[in-house]
Amino acid sequence: PGAELPMTFDLSQNHPNPFNPGTRIRYQLPTQSHVRLKVYDVLGREIASLVDGIEQPGYRSVQWSASGIASGVYFYRLQAGQFSAVQRMLLMK
């Protein structure tokens, strides 16, 4: 009650970036949506599935620990309803 809901979908840059071994990914949903948040390597192979399910509107964040993953550039993709966005992140060990 009293909390403001986002007006648009958004996928923010992870923080920290570069990171080792953990980072936080933030996103926002203006409506209830089926959300998928996945991490991919530069060849497009899925590395991790962080979220896959129905979520209520609001501001969200997910912590990802990349321990056991090689250093390099990775991409994370948010799909929520018709919205889709991709951001790049750098894992440095």
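Our subject in this report is the structure included herewith. Along each chain, residue indices are assigned from 1 in the same order as the chain's sequence is written. Thresholds applied to this predicted model are a pLDDT of at least 70 for local features of residues and 80 or more for the giving and counting of side-chain atom pairs; totals over whole chains, interfaces and linings are not thresholded and use all residues. Working from all heavy atoms in the structure, the side-chain values ignore hydrogens and water.

**Description of the overall build of the chain**
Move 1: Numbering of helices and strands starts at the N terminus; helices are DSSP runs of H or I of at least 4 residues and strands are runs of E of at least 2. The number of helices and strands found in the chain is zero helices and seven strands.
Move 2: When the helices and strands of the chain are listed from N to C terminus, the series reads β-β-β-β-β-β-β.
Move 3: Considering only C-alpha atoms, the chain reaches an extent of 40 × 25 × 15 Å along its principal axes.
Move 4: Any residue under 20% of the maximum accessible area for its type is buried, any over 50% is exposed, and the rest in between are partly exposed; the area is computed with a 1.4 Å probe on protein chains only. When the 93 residues of the chain are sorted by exposure, 33% land in the buried category.
Move 5: Should any heavy atoms of two residues lie within 4.5 Å, those residues are considered in contact. Residue pairs in contact within the chain that sit at least 24 positions apart in sequence constitute 58% of those at least 6 positions apart.
Move 6: Charge counting treats Lys and Arg as positive and Asp and Glu as negative, with His and both chain ends excluded. For the purpose of locating charges, the reference atoms are NZ of Lys, CZ of Arg, CG of Asp and CD of Glu. The distance from the centre of the 9 positive side-chain charges to the centre of the 6 negative ones in the chain is 6 Å.

**Let's talk about the side chain of D41**
Move 1: Residue position: D41 is located in strand β3 (residues 33-41).
Move 2: Residues adjacent in sequence count toward polar contacts only when both atoms are side-chain atoms; beyond that, a polar contact is any pair of N or O atoms within 3.5 Å, and within protein one must be able to donate a hydrogen and the other to accept it. Reaching out from D41, the side chain makes a polar contact with the backbone nitrogen of L43 at a distance of 3.0 Å.
Move 3: With near-sequence residues (within four places) excluded, D41 lies in contact with I47, V73, Y74 and F75.

**What about the pairing of strand β7 (residues 83-91)?**
Move 1: Strand pairing is assigned whenever DSSP detects at least two bridges linking the two strands. Bridging between strand β6 (residues 72-80) and β7 involves nine bridges; their strand directions are antiparallel. Across the sheet, the residue bridging to Q79 is S84, located in β7.
Move 2: The antiparallel pairing of β6 with β7 creates a hairpin that spans two residues between the two strands, and G81 there sits at a positive phi of about 60°.

**Considerations on the nonpolar core**
Move 1: Formed by 20 residues in total, the largest nonpolar core has its most connected members in L11, Y27 and L37.
Move 2: For this core, the secondary-structure elements that each account for two or more residues are β2 (22-29), β3, β4 (46-55), β5 (58-65), β6 and β7.
Move 3: The leading source of residues in this core is β6, at four residues.
Move 4: Here Y27 is in contact with D10, L11, V35, L37, V51, E55, G58, Y59, R60, V62 and L78, once residues within four sequence places are set aside. Residues enter a nonpolar core if they are buried and are Ala, Val, Leu, Ile, Met, Phe, Trp, Tyr or Cys, with the set joined through side-chain atoms within 4.5 Å.

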